[in-house]
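Here's the letter readout for the chains.
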Amino acid sequence: MSIVKFNDVTRVYTSGDHELKALNQVSFALEEGKFVVILGPSGAGKSTLLNLLGGLDSPTEGTIVVNGRDISTLSDNELADYRAATVGFVFQFYNLIPTLTVYENVRLVSQIAPDALDAKEMIAEVGLSDHLSNFPSELSGGEQQRISIARALAKNPKILLCDEPTGALDSETGVMVLKLLLKMAKDYGKTIVIVTHNQSIAKMADVVIRVKNGKIRSISEQTDPMSADEVEW
């Protein structure tokens, strides 16, 4: 069952007389519960695609249907509700609130998400129950990223969107984070979409979408993706 459908989506940014076509007539569908990697060089349109799917931006042309709902025509308030209920975000830099504890950072989403999961349970899932009272500055980069994943999952989103989630981590810690994301996809049935330029991550995906110059160059399904331990980093 398709949870995401992009239909002839174009996104144009204008500055004075200059136009930049960040995405050009992009169409694809994603099945529920898949681990998806969007792969491409800098400036390819990956982040624009992720922002559109996340309701952080709207297309210039085309439609985006998520879970049977066309989000391309939603108002700002409706998009805010969509972001709260349907998508979770994991970024390269962790965006934790420095003045809140680990527990408070994760519990915060219960104020905006209608079906939020238990914060302590999600922190336990990422293996950091003994850090509930710590502040982000007291954690390593890998631990902070694991807390950002716990926070995103605590929203109980249907789709987890990850923008270069291992970009600020060393390779060993990055592998640990990727294994955690794969576990969450399997255990909680989430559709996980990772934007990256890292070819190695693509070897782990169920679906790989290659983007260049605002266009999709290929979409490939992998029937037997590698595990994080099998990939050479």
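One can find the structure itself at the top, above this paragraph.
We now turn to the structure provided with this report. Every value quoted in this text rests on a predicted model; they were computed, and no experiment measured them.

### Looking at the packing of aromatic side chains
Next, step 1: The final tally for this structure, using the stated rule, is two aromatic pairs.
Next, step 2: Looking at K120, its charged tip hangs above the ring of Y103, at a distance of 5.5 Å from the centre.

### A closer look at the pattern of salt bridges
Once their charged atoms are close, side chains differing in charge can pair, the charge on each being opposite to the other.
Next, step 1: Tallying each qualifying case throughout the model produces one salt bridge.
Next, step 2: For R11, the salt bridge identified is with D57, shortest N-O distance 3.0 Å. With R11 in strand β1 (residues 2-15) and D57 in the loop between α1 (46-53) and β4 (61-66), the pair connects residues that are 46 residues apart, well separated along the chain.

### Quick word on the pairing of strand β2 (residues 18-31)
Next, step 1: In terms of strand pairing, β1 meets β2 through ten bridges, oriented antiparallel. Paired with V9 across the bridge in β2 is V26.
Next, step 2: What sits between β1 and β2 in their antiparallel hairpin is a turn of two residues, with G16 showing a positive phi close to 65 degrees.

### Observations regarding unusual backbone geometry
Next, step 1: With a phi close to 50 degrees, D8 is a non-glycine residue in the positive phi region.
Next, step 2: By the secondary structure assignment, D8 is in strand β1.
Next, step 3: Despite not being glycine, Q25 shows a phi value in the positive range, around 55 degrees.
Next, step 4: Following the sequence through the fold, Q25 ends up in strand β2.

### Some details on the sheet that holds β4
Next, step 1: The strand order across the open sheet built from four strands is β2-β1-β4-β5, with neighbouring strands paired in antiparallel fashion. The two strands at the open ends of the sheet, each matched to only one other strand, are β2 and β5 (69-70).
Next, step 2: Along the sheet, α1 contacts β1, β2 and β4; its crossing angle with β1, the most-contacted strand, is approximately 120 degrees.

### A few points about the environment of I149
Next, step 1: Inspection of the secondary structure puts I149 in helix α5 (residues 141-154).
Next, step 2: Separated by 66 residues in the primary sequence, I149 and R83 place their C-alpha atoms 16 Å from one another.
Next, step 3: Among all residues touching I149, those that are not within four sequence positions of it are V90, V177, L180 and L181.

How each quantity is defined
Residues numbered from 1 in each chain as written. Predicted model: local features only at pLDDT ≥ 70, side-chain atom pairs only at ≥ 80, totals over all residues. Heavy atoms only, no water. Phe/Tyr/Trp six-rings, centres within 6.5 Å; stacked < 30°, edge-to-face > 60°. Lys NZ or Arg CZ within 6 Å of the ring centre and 35° of its normal. Salt bridge = Lys/Arg side-chain N within 4 Å of Asp/Glu carboxyl O. Helix = DSSP H or I, 4+ residues; strand = E, 2+ residues; numbered from the N terminus. Pairing = 2+ DSSP bridges. Contact = heavy atoms within 4.5 Å. Axes fitted to C-alpha atoms, helices over the stretch in contact; angles between N-to-C directions.

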